[in-house]
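Inside the fold
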Amino acid sequence: MTAAPRARVQRRSVHGVVLLDKPIGLSSNQALQKVKWLLRAEKAGHTGTLDPLATGVLPLCFGAATKFSQLHLDADKGYTAVLRLGATTSTGDLEGDLTSSVAVDRAALTPELLQAVAARFTGPISQLPPMYSALKKDGKALYEYARAGIEVEREPRSVTIRELSLRLLPESDPATVELELQVLCSKGTYVRTLAEDIGQALGCGAHLSALRRTRTGEFELSHCISIEAIEALPDSERLGVLLPVETLLARHERVTLDEHNSGRFLSGMRRRGPWADCAQVAVYADHPAALLGTAQVEAGELIPGRLLSPIEIQHILESHS
């Protein structure tokens with residue numbers, strides 16, 4: 001008996017942001033595609049990749065919001081991680097093969113020692129990107145070389161660790177010694193590399209056994225929703241999980257233009273006005289009230305950046321009516 005063909009999903013114009021609490025086991029793109037399907041959205045992208053073993057804050061951008069996703073790729077990130085001491089792996093996390101193992105003396109891991117080690121890794125530091133990463137070398141991701149057993153030369157990268165704390169976790173297994181790491185760091189920081197470097201500084205080695213992103217920019221876990229929670233909603237209510245596109249522009253200065261200047265700005269023309277110089281500006285129309293895009297102000301000139309299209313603005317206004 002021939003199976004009935006699957007009903008084709010009717011896509012729709014969706015504009016906004018979903019702050020997802022990514023589950024373990026899914027890649028960032030798999031999580032994105034799942035939510036995109038649930039919302040029946042036409043266009044989507046995410047801001048900053050999380051490994052399948054990692055969970056937590058993953059902003060998903062839909063429609064017009066994808067134009068501003070880069071802003072949150074550059075944002076500071078916060079993580080809570082678990083470091084398993086005394087063992088190193090080929091990938092720096094649980095997925096890799098064991099490469100070394102030593103006994104760890106729990107009694108030596110005093111709060112004073114952990115505080116001193118954390119201080120060593122706070123501030124500007126240099127990291128060597130791990131071979132198991134998506135960083136490109138000659139057009140290929142490093143993890144592709146690593147899977148082929150090839151190690152390539154990498155340049156150290158400067159990152160900034162803004163806050164870092166280490167805490168010895170209670171013993172759950174006599175054979176396992178683990179630390180909790182909490183970190184706030186600049187973009188481009190590899191927490192797996194940080195874990196390995198801390199293990200080396202402690203003289204016993206370490207790898208990540210758990211990783212959870214707790215914030216990206218001003219977005220925190222308390223703002224997030226799970227895939228299961230979206231699935232549980234009726235289709236007619238799922239668009240209610242979307243935050244407005246301008247959620248991504250919360251730190252931008254606001255400039256509002258009248259109808260005459262709004263049209264010219266949207267066509268890419270510079271506008272003159274009594275505005276102070278500013279590198280990050282969110283530009284709105286006053287009637288109807290709508291986000292037009294981003295800009296910068298130099299010497300009284302409002303210089304267009306990323307602009308919404310008239311059809312995107314129309315769709316957003318219709319969705320709010």
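By the naming in an unreviewed UniProt entry, the chain goes by tRNA pseudouridine synthase B and is assigned to Malikia spinosa. Under the UniProt heading Sequence similarities (unreviewed entry), the entry covering the chain gives this text: "Belongs to the pseudouridine synthase TruB family. Type 1 subfamily." Per UniProt, the comment on the chain under Function (unreviewed entry) is "Responsible for synthesis of pseudouridine from uracil-55 in the psi GC loop of transfer RNAs."

**Let's talk about the UniProt feature "domain: tRNA pseudouridylate synthase B C-terminal" (unreviewed entry) in the chain**
This chain's UniProt record puts "domain: tRNA pseudouridylate synthase B C-terminal" (unreviewed entry) on residues 192-249. In residues 192-249, helix accounts for 28% and strand for 22%; the two terminal C-alpha atoms are 30 Å from one another.

**Notes on the sheet that holds strand β16 (residues 278-286)**
What the five strands build is an open sheet, ordered β14-β16-β17-β18-β15; its pairing is mixed. The open sheet has two edge strands with one neighbour each: β14 (253-257) and β15 (271-272). Across five bridges, strand β17 (residues 289-298) lies against strand β18 (residues 301-307) in antiparallel orientation. Residue pairing across strands places Ala295 opposite Pro304, the latter belonging to β18. Each of β14, β15, β16, β17 and β18 is contacted by helix α7 (residues 259-266), which is oriented at about 70 degrees to β17, the strand it contacts most.

**Brief notes about unusual backbone geometry**
In this structure, Pro288 follows His287 across a cis peptide bond, with omega equal to -10 degrees. Relative to the assigned elements, Pro288 resides in the loop between β16 and β17. Although it is not a glycine, Arg40 adopts a positive phi angle of roughly 55 degrees. One can find Arg40 in the loop between α1 (28-39) and β2 (44-46). Owing to a relative accessible area of 21%, Arg40 belongs among the partly exposed residues under this scheme. Here Ala299, not a glycine, exhibits a phi torsion of approximately 50 degrees, which is positive. Take Ala299: it is sitting in the loop between β17 and β18.

Conventions and cut-offs
For every chain, the first residue of the written sequence is number 1, and numbering continues from 1 along that sequence. Since the coordinates come from a predicted model, pLDDT governs what is reported: local features require at least 70, and pairs of side-chain atoms require 80 or more to be given and counted, while whole-chain, interface and lining totals use all residues. Hydrogens and water molecules were not included; the side-chain quantities draw on all heavy atoms of the structure. UniProt positions are given in the numbering used here, feature names are shortened, and annotations may be inferred rather than shown by experiment. By the criteria applied, helices consist of DSSP H or I runs no shorter than four residues and strands consist of E runs no shorter than two, each listed in order from the N terminus. One bridge is not enough; two strands pair if DSSP finds at least two bridges between them. Whether two residues are in contact is decided by their heavy atoms: any pair within 4.5 Å suffices. Here an angle of 0 to 180 degrees is reported between the N-to-C directions of two axes, which are lines fitted to C-alpha atoms, with helices fitted over the stretch in contact. Each residue is placed in one exposure class: buried if its accessible area under a 1.4 Å probe, protein chains only, is under 20% of its type's maximum, exposed if it is over 50%, and partly exposed if it falls in between.

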